[in-house]
Amino acid sequence: MNLTNVYMRGFFLLILWSCIPLLSCISTAQAQNFTVVIDAGHGGKDPGAVGKIAKEKDINLKVALKLGELLKNQSDIKTIYTRKSDVFIALDRRTQIANEAAADLFVSIHTNALPNSRTYMGASTYTLGLSKSDANLAVAKRENAVIMYESDYQTRYAGFNPNSSESYIIFEFMQDKYMSQSVHLADLLQRQFKSHCKRTDRGVHQAGFLVLKTAAMPSVLIELGFISSPEEEKYLVSENGTSTLARGIYNAIVSYKDEQLSQRAEAERLARTARPEGKPVPKVIPDSIPEAALEGNIPLPIVNTPTPSAAVRPKATPEVTKEKVSTDGKITFAVQILTSTEKLKPTDYRFKGLKDAEHYVERGIYKYIYGSSDNYEQVLKTRRTIASKFKDAWIVAFQNGKRIDTNQAVEAYKQQNKR
Ligand SMILES: [Zn+2]
């Protein structure tokens, strides 16, 4: 025991000593308060989609490594790779790495393929959810099929069959509490793919990706482009292509990180003013309001709110009672149909002829909703009615004019309507 102590002491002294010449060592480590996990899809025996001249696994890795190099420019970002070379990594290990690191972001990089088209091109970003179109389901199926490289996949993934549509029902009942943050990052990514990388914008979608399922943080899966299109494949393997794509992803991550860190700083400032001196300030996770609030009445910032006291969100309780719903303001539900970086005209083609869409603004993004009602079943019905036009629409909830966790809102609704 004593010997171990001596060794440990020696070890710490060694670390301390080696840090002295590098004065920035400690401060840099402290400043790295935003962790990004970069996941290059596939690897080793799993090539991913295969093109005429390239394999998906190599494109993904090249972009991942270039992205990691760029992220070194950000002293407050810590980067972790799930793989840095051509090795096979089990699918569930990838998010495990991110969860163990308590990462702030999980970014999985992939390359798309469409067997029946040689001309389909463009970049898209997926967040976790139920695929509402066959095309999105097909992408999820292809990406999830990698688990079949793992001999014990049936037990490891609880009988999930990546090729059976029925298996995907699990994603219907999953509520992703990081959805709005993930979708926000996906929006930023798509903006970059379009403006910086000059790629066709294939949009933000939801689908049942196993790799995102267990991520305990906002997460996205990027499909850089189509390896099945000879023209795009050439771009995807080129130095210019991989560098430009990496730069686009980098730009989006940095914007996202800057927003998150400034919100965190603001929340901590408010918490300090709201708390007696000397009390520690808890780590605040903006946007996952109910969870953070459940942990102990953590004040969170509300943009444009003038006074700290008004900015402190009310404590959410695990069981939202009928009284709470009625006294704190009615909960309303709506179908979120699309988001935009700019305000859209009611006649905009993206509404697909739908009239009376309303909007709210979250971190500079206009989010359009439709069919708001305090009747959850009614809103479910509305979603079904417009599903053919808005395949990725999902349900959001509001209380006192603020977005609230849909899960909790549905819970409250069920409690209220219990007979
Ligand atoms: Zn892939």
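**A few points about the pattern of salt bridges**
- Tallying each qualifying case throughout the model produces 17 salt bridges.
- Residues Arg156 and Asp92 are paired through a salt bridge, measuring 2.8 Å at the closest nitrogen-oxygen approach. One end of the pair, Arg156, is in helix α6 (residues 153-156); the other, Asp92, is in helix α4 (residues 91-100), and 64 residues separate them in sequence.
- Two residues, Lys257 and Asp258, come together in a salt bridge whose shortest N-O distance is 2.8 Å.

**Focus: the sheet that holds strand β11 (residues 402-404)**
- Strand order in the open sheet made by the five strands is β8-β9-β7-β10-β11, with antiparallel pairing throughout. Each end of this open sheet is capped by a strand with a single partner; those strands are β8 (358-362) and β11. With strand direction ignored, the average angle separating the axes of adjacent strands in the sheet is 50 degrees.
- Of the strand pairs in this sheet, strand β7 (residues 331-340) and strand β10 (residues 394-399) are connected by six bridges, and their pairing is antiparallel. Opposite Thr332, over in β10, you have Phe398 as the bridge partner.
- Seen against the sheet, helix α7 (residues 179-195) touches β7, β8, β9 (365-373), β10 and β11 and runs at an angle of roughly 135 degrees to β9.
- Of the strands in this sheet, β7, β10 and β11 touch helix α15 (residues 406-416), which is tilted by about 155 degrees from β7.

**Remarks on the pairing of strand β4 (residues 123-128)**
- Counting buried residues along β4, six of its six residues qualify, which places the element largely inside the surrounding structure.
- Where β4 lies against strand β5 (residues 201-207), five bridges are found, and the strand directions are parallel. Its bridge partner lying in β5, Leu128 is registered against Ala207.
- Of the strand pairs in this sheet, β4 and strand β6 (residues 219-226) are connected by three bridges, and their pairing is antiparallel. If you follow Ser124 over to β6, its bridge partner there is Glu223.

**Things to note about the coordination of the zinc ion**
- Protein coordination at the zinc ion: the donors are His42 (NE2), Glu56 (OE), His110 (ND1), Glu143 (OE) and Glu143 (OE), at 2.0 to 2.5 Å from the metal.
- Donor residues for the zinc ion, ordered by position in the chain, follow H-x13-E-x53-H-x32-E. Pair noted here: His42 is in the loop between β1 (34-40) and α3 (56-71) and Glu56 is in helix α3, with a separation of 14 residues, a long-range link.
- Assessed through its relative accessible area of 0%, Glu56 is described here as buried.

**Re the nonpolar core**
- If you look at the biggest cluster of nonpolar residues, it comprises 41 residues, and the most contacted ones within it are Val36, Leu67, Val107, Ile109, Leu224, Ile249 and Ile253.
- Every element with two or more residues in this core is listed here: β1, α3, β2 (77-81), β3 (105-112), α7, β6, α9 (230-237) and α10 (239-274).
- The biggest single contributor to this core is α10, with nine residues.
- Once you skip the residues sitting within four places of it in the chain, Ile249 turns out to touch Val63, Leu67, Ile109, Leu189, Phe193, Ile222 and Leu224.
- Membership of the second largest hydrophobic core comes to 28 residues, among which are Ala140, Ile147, Leu212 and Met217.

**A look at the layout of surface pockets**
- There is about 1,000 Å³ of room inside the second largest pocket.
- Partitioning the lining of the second largest pocket into residue classes produces eight nonpolar, eleven polar and eleven charged.
- In this structure, the lining of the second largest pocket is formed jointly by two domains, domain 2 (32-258) and domain 3 (319-419), each of which donates at least three residues.

**Looking at the confidence of the model for the protein chain**
- Residues with a pLDDT of 70 or more make up 77% of the protein chain, whose mean pLDDT is 80.
- This stretch, residues 13-30, has a pLDDT under 50; its non-local contacts, to residues over four places away or in other chains, come to two contacts.
- Counting contacts from residues 281-327, a segment whose pLDDT is below 50, to residues more than four positions away or on other chains yields 82 contacts.

Cut-offs and rules
For every chain, the first residue of its written sequence is number 1, and the numbers climb from 1 along that sequence. Under the rules for a predicted model, residues below a pLDDT of 70 receive no local features and side-chain atom pairs below 80 are neither given nor counted, while totals for whole chains, interfaces and linings still include all residues. Water and hydrogen atoms play no part in the side-chain values, which are based on all heavy atoms of the structure. Only one rule defines a salt bridge in this text: a Lys or Arg side-chain nitrogen within 4 Å of an Asp or Glu carboxyl oxygen. Numbering of helices and strands runs from the N terminus; a helix is a DSSP stretch of H or I covering at least four residues, while a strand is a stretch of E covering at least two. Strand pairing is defined by DSSP finding a minimum of two bridges between the two strands. A fitted line through C-alpha atoms serves as each axis, taken over the contacting stretch for helices, and the angle formed by two N-to-C directions is quoted from 0 to 180°. Note on contacts: a residue pair qualifies if any of its non-hydrogen atoms lie within 4.5 Å across the two residues. For every residue, the accessible area obtained with a 1.4 Å probe (protein chains only) is divided by the maximum for its type, and the residue is called buried under 20%, exposed over 50%, and partly exposed between those limits. Only nitrogen, oxygen and sulfur atoms qualify as donors, provided they sit within 2.8 Å of the metal or within 3.2 Å for Na, K and Ca; with water excluded from the atoms, sites may seem incomplete. In plain words, nonpolar cores are sets of buried Ala, Val, Leu, Ile, Met, Phe, Trp, Tyr and Cys residues tied together by side-chain atoms within 4.5 Å. A cavity, in this analysis, means grid points on a 1 Å lattice covering only the protein atoms where a 1.4 Å probe fits yet has no way out; a pocket is instead an open set bounded by protein on both sides within 12 Å along at least five of seven lines, and a residue lines either one if it has an atom within 4 Å of a point. Grid points are joined across faces, edges and corners, and a volume is the space filled by probe spheres set on the points. Residue type decides the class: Asp, Glu, Lys and Arg count as charged, Ala, Val, Leu, Ile, Met, Phe, Trp, Tyr, Cys and Pro as nonpolar, and the leftover types, Gly among them, as polar. An automatic or database domain assignment provides the domain bounds reported here. Each residue carries a pLDDT score, the predictor's confidence in it, ranging from 0 to 100.

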